[in-house]
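Survey of secondary and tertiary structure
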Amino acid sequence: MKIKLKIDVFPDLFSDINSYPLYNLLLIMRIKQFRYSQNNLGYLVYSPQTAVAVDGGAVDDIITFADRNSLKIKYIANTHNHYDHMEGTESLLKKTGAEYLSNLKLRKEQSLTVDDEVIKIYHTPGHTMDSIVFHHENFLISGDTLFNGTIGNCYSGDMESYFKSLKFILTLPPGTIIYPGHDLIKYSMGIAANMDPDNERIELFLKNYDPNHIFSSLKDELRINPFIRFNDPHLIEMLKDRDLPAATEFERWKSLMTMH
Ligand SMILES: [Fe+2]
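None of these values were measured; they are calculated from a predicted model.

1. Some points on the overall build of the protein chain
In terms of helices and strands, the protein chain carries 11 helices and 11 strands. Split into buried and exposed, the 260 residues of the protein chain put 42% on the buried side.

2. Here we look at the nonpolar core
Core analysis: the biggest nonpolar cluster contains 60 residues, and Val 45, Ala 53 and Tyr 179 have the highest contact counts within it. Sorting elements by how many residues they give to this core places strand S2 (residues 40-46) first, with 5 residues. Viewed by domain, this core spans two of them, domain 1 (17-221) and domain 2 (230-260), each represented by three or more residues. In contact with Val 45, other than residues within four places in its own chain, are Met 29, Ile 31, Ala 51, Val 52, Val 54, Val 114, Ile 119 and His 136.

3. A few points about the pairing of S2
S2 sits mainly inside the fold: 7 of its 7 residues count as buried. Of the two faces of S2, the one carrying Asn 40, Gly 42, Leu 44 and Tyr 46 and the one carrying Leu 41, Tyr 43 and Val 45 are both buried. The sheet contact formed by strand S1 (residues 30-36) and S2 spans 7 bridges and is antiparallel. The partner of Gln 33 across the bridge, within S2, is Tyr 43. Inspection of the sheet shows S2 paired to strand S3 (residues 50-54) by 4 bridges, in the antiparallel sense. When the bridges of S3 are listed, Tyr 43 appears paired with Val 54. The turn linking S2 back onto S3 is made up of 3 residues.

4. Section: the packing of helix H2 (residues 59-68) against helix H4 (residues 89-96)
H4 packs onto H2 with a crossing angle of 35° between their chain directions and a minimal axis gap of 10 Å. Between H2 and H4 lies a crossing whose hand is right-handed. From H2, Val 59, Ile 62 and Ile 63 reach across to H4, where they touch Ser 91, Leu 92 and Lys 95. Class assignment of the residues belonging to the contact of H2 with H4 gives a composition of 4 nonpolar, 1 polar and 1 charged.

5. Considerations on the packing of helix H7 (residues 185-195) against helix H8 (residues 200-207)
At a closest axis distance of 9 Å, the pairing of H7 and H8 adopts a crossing angle of 165°. Relative to H8, the element H7 lies roughly antiparallel. H7 and H8 meet at a crossing whose hand is left-handed. Of the residues in H8, those in contact with Met 189, Ala 192 and Ala 193 of H7 are Ile 202, Phe 205 and Leu 206.

6. Describing the sheet that holds strand S7 (residues 117-123)
The strand order S6-S7-S8-S9-S10-S11 describes an open sheet built from 6 strands, whose pairing is mixed. In this open sheet, the two edge strands, each paired with only one partner strand, are strand S6 (111-114) and strand S11 (216-217).

7. Remarks on the sheet that holds strand S4 (residues 72-77)
In spatial order, the strands read S1-S2-S3-S4-S5; together these 5 strands make up an open sheet with mixed pairing. Among the strands making up the open sheet, the edge pair consists of S1 and strand S5 (99-100). Contacting S3, S4 and S5, H4 crosses the sheet at an angle of about 155° to S4.

8. A word on unusual backbone geometry
The phi dihedral of Glu 137 falls on the positive side, at around 45°, and the residue is not glycine. Following the sequence through the fold, Glu 137 ends up in the loop between strand S8 (132-136) and strand S9 (139-143). Classification of Glu 137 by C-beta neighbours within 10 Å gives partly exposed; the count is 19. Non-glycine residue Asp 243 carries a positive phi angle of around 55°.

9. Comments concerning the environment of Glu 251
Tracing the backbone shows Glu 251 in helix H11 (residues 249-257). Residue classification places Glu 251 among the partly exposed positions, given that 14 C-beta atoms sit within 10 Å. Not counting chain neighbours up to four residues away, the residues in contact with Glu 251 comprise Pro 245 and Ala 246.

10. Description of the pairing of strand S10 (residues 177-180)
Both faces of the sheet carry side chains from a regular strand, because those side chains alternate between them. Burial of S10 is two-sided: the residues Ile 177 and Tyr 179 facing one way and the residues Ile 178 and Pro 180 facing the other way are all buried. Inspection of the sheet shows S9 paired to S10 by 4 bridges, in the parallel sense. Within S10, the residue paired with Ile 141 across the bridge is Tyr 179. Of the crossover connections in this fold, the one passing from S9 over helix H6 (residues 159-169) to the parallel S10 is right-handed. As paired strands, S10 and S11 are joined by 2 bridges and run antiparallel to one another. Note that in S11 the partner of Ile 177 across the bridge is Ser 217.

The rules we used
- Residues numbered from 1 in each chain as written.
- Predicted model: local features only at pLDDT ≥ 70, side-chain atom pairs only at ≥ 80, totals over all residues.
- Helix = DSSP H or I, 4+ residues; strand = E, 2+ residues; numbered from the N terminus.
- Buried ≥ 20, exposed ≤ 12 C-beta atoms within 10 Å, placed from the backbone.
- Core = buried A, V, L, I, M, F, W, Y, C linked by C-beta atoms within 7 Å.
- Domains from an automatic or database assignment.
- Contact = placed C-beta atoms within 7 Å.
- Pairing = 2+ DSSP bridges.
- Axes fitted to C-alpha atoms, helices over the stretch in contact; angles between N-to-C directions.
- Left-handed = near helix turned anticlockwise from the far one by under 90°.
- Nonpolar A, V, L, I, M, F, W, Y, C, P; charged D, E, K, R; others polar.
- Parallel < 35°, antiparallel > 145°, perpendicular 65-115°, else oblique.
- Right-handed = clockwise from strand over helix to strand, strands pointing away.

Here it is as structure tokens:
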């Protein structure tokens, strides 16, 4: 009989950022992060037997991990169609015999089932029009839609859609762990400190930086990421000081994006 452990209280990662690896062990579905290329991040989301690879550029590391943990990689998917996220897909498909799930298919089905566990798929256009995010219980694989401390470029040119996508992500529980498509923490905290110089949380977040585990919580993001804090009084004040449009939240977000 399978016993499912439900945890309703999320750890406050800002005060104890190292608690998450232990917390991850308590879940039925786990997530493992893989670094590749310059600062890309890919993931295996796995139940005790079955895994799905998302942005599987770290082909050899992913296969080694799956073998060591007796995991069958059943599906391979991507957060969006940029080359650096897709580059491992073909090789991983050949080596594992897994099924490829296109973004279009995932968007239509809005979920992906691994054993009995459901990973929700949300369409988050903006960085690219095909961007999707993968949400399961307490974590979100956010691709290049949301990083830790910054967000992606709006390559689609559709600012309105990107803003809506971010607003949607902000409706998720504050304890949601953000697993991004790149490690941009040091770079993003430099920009954030420039935009919000009195924010002590930025230095605190940077102090906990661990290149072997790149993540934040949504709660962290609301404290340190200037590109989602379009309703923060300090940032509104900063925009007004610079004579940038700040009347509505969309205007403020667009003004913040000029500093991206
Ligand atoms: Fe991208």
